[in-house]
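# Analysis of the macromolecular model
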Amino acid sequence: MKITCTAAKTLTALTALLLAGSLVGCDPAARALEAIDSAPGTASGSPASGAAGDAANAIAVLGSIPVKGRAAKTRYSRDEFGPAWSDTDHNGCDTRNDILARDLTNETFKPGTNNCVVTTGTLADKYTGTTIDFVRGQDTSSAVQIDHVVPLSDAWQKGAQQLSDDQRKELANDPLNLMAADGATNSAKGDKDAATWLPPNKTFRCEYVSKQVAVKAKYSLWVTQTEHNAIAGILATCT
């Protein structure tokens, strides 16, 4: 079984799922829910749907996230977040293939893998606004990488050190925090936060920082002041 999704997902629905689901920490999310419920024009059926409404919701959630200094990177390693691309949802496919199947179109699969191992497909890359042909292979797979929207190193320095091993593994494999992306652009992003890196494709920046806000709220992570200001600045332009 592979992950499926519709193209038209708004942060409103994402926030509702986030707050209704099983959260690592409930207090920030609960405060965010109160802020969203009381925010003008964000009630169900109100005119504030679409980009402006989504941005208002993201701003409300951002307001619930603590602002602190960056913790030391001491002891950070990828291993702190469990084995790469574990099958945490127990659907028989590893997380990398789940995300490829979700984000690519016209995908094909390796025979005998129950439509699990993606061999080819087309990515409409959100970071660059370009189209990339994915072909699995030693010299070609890296053209499309699976990005952690909130980088794991950044998460480690902003609260993930305090999570359990299982919670960090969940964070590393959570579809909310993952997207297929242009390999070179993803490598350039590295572990930078929104204060030091934003997608070259400016039309995706509102959605990008909104995703980061949702992930940080879900896993009780914090933001630095400069990061908070950068995210708030982007969201203020989303109409």
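Shown above is the structure to which this text applies.
What comes next is a walk through the structure. (Residues numbered from 1 in each chain as written. Predicted model: local features only at pLDDT ≥ 70, side-chain atom pairs only at ≥ 80, totals over all residues. Heavy atoms only, no water.)

## Considering helix α6 (residues 165-173)
- Regarding α6, the residues found buried are Arg 168, Leu 171, Ala 172 and Asn 173.
- Tucked into the core, α6 has its buried residues touching α4 (95-103), β4 (144-148), α5 (152-157), β5 (178-182) and α8 (205-218). (Buried < 20%, exposed > 50% of the residue type's maximum accessible area, 1.4 Å probe, protein only. Helix = DSSP H or I, 4+ residues; strand = E, 2+ residues; numbered from the N terminus. Contact = heavy atoms within 4.5 Å.)

## Brief notes about the side chain of Arg 102
- Position of Arg 102 relative to the elements: it lies in helix α4.
- A polar contact of 2.6 Å, which involves the side chain of Arg 102, links it to the backbone oxygen of Leu 178. (Polar contact = N/O pair within 3.5 Å; in protein donor to acceptor, adjacent residues only side chain to side chain.)

## Brief notes about the packing of α8 against helix α9 (residues 225-235)
- The N-to-C vectors of α8 and α9 enclose an angle of 135°; their axes lie 9 Å apart at closest approach. In terms of orientation, α8 lies oblique with respect to α9. Considering only the axes of α8 and α9, their crossing is left-handed. Contact with α8, carried on its side by Arg 205, Cys 206, Val 209, Ser 210, Gln 212, Val 213 and Lys 216, involves Glu 227, Ile 231, Ile 234 and Leu 235 of α9 and no other residues of that element.
- For the contact of α8 with α9, the class distribution of residues is six nonpolar, two polar and three charged. (Axes fitted to C-alpha atoms, helices over the stretch in contact; angles between N-to-C directions. Parallel < 35°, antiparallel > 145°, perpendicular 65-115°, else oblique. Left-handed = near helix turned anticlockwise from the far one by under 90°. Nonpolar A, V, L, I, M, F, W, Y, C, P; charged D, E, K, R; others polar.)

## With respect to the environment of Thr 108
- Mapped onto the fold, Thr 108 is located in strand β1 (residues 105-109).
- Sequence-wise, Thr 108 and Thr 120 are 12 residues apart; in three dimensions their C-alpha atoms are separated by 5.3 Å.
- Of note is the side chain of Thr 108, whose polar atom sits 2.7 Å from the side chain of Thr 119.
- Within the structure, the side chain of Thr 108 is placed 2.4 Å from the side chain of Thr 120, a separation counted as a polar contact.

So far we have only geometry, and geometry alone does not tell us how the molecule works.
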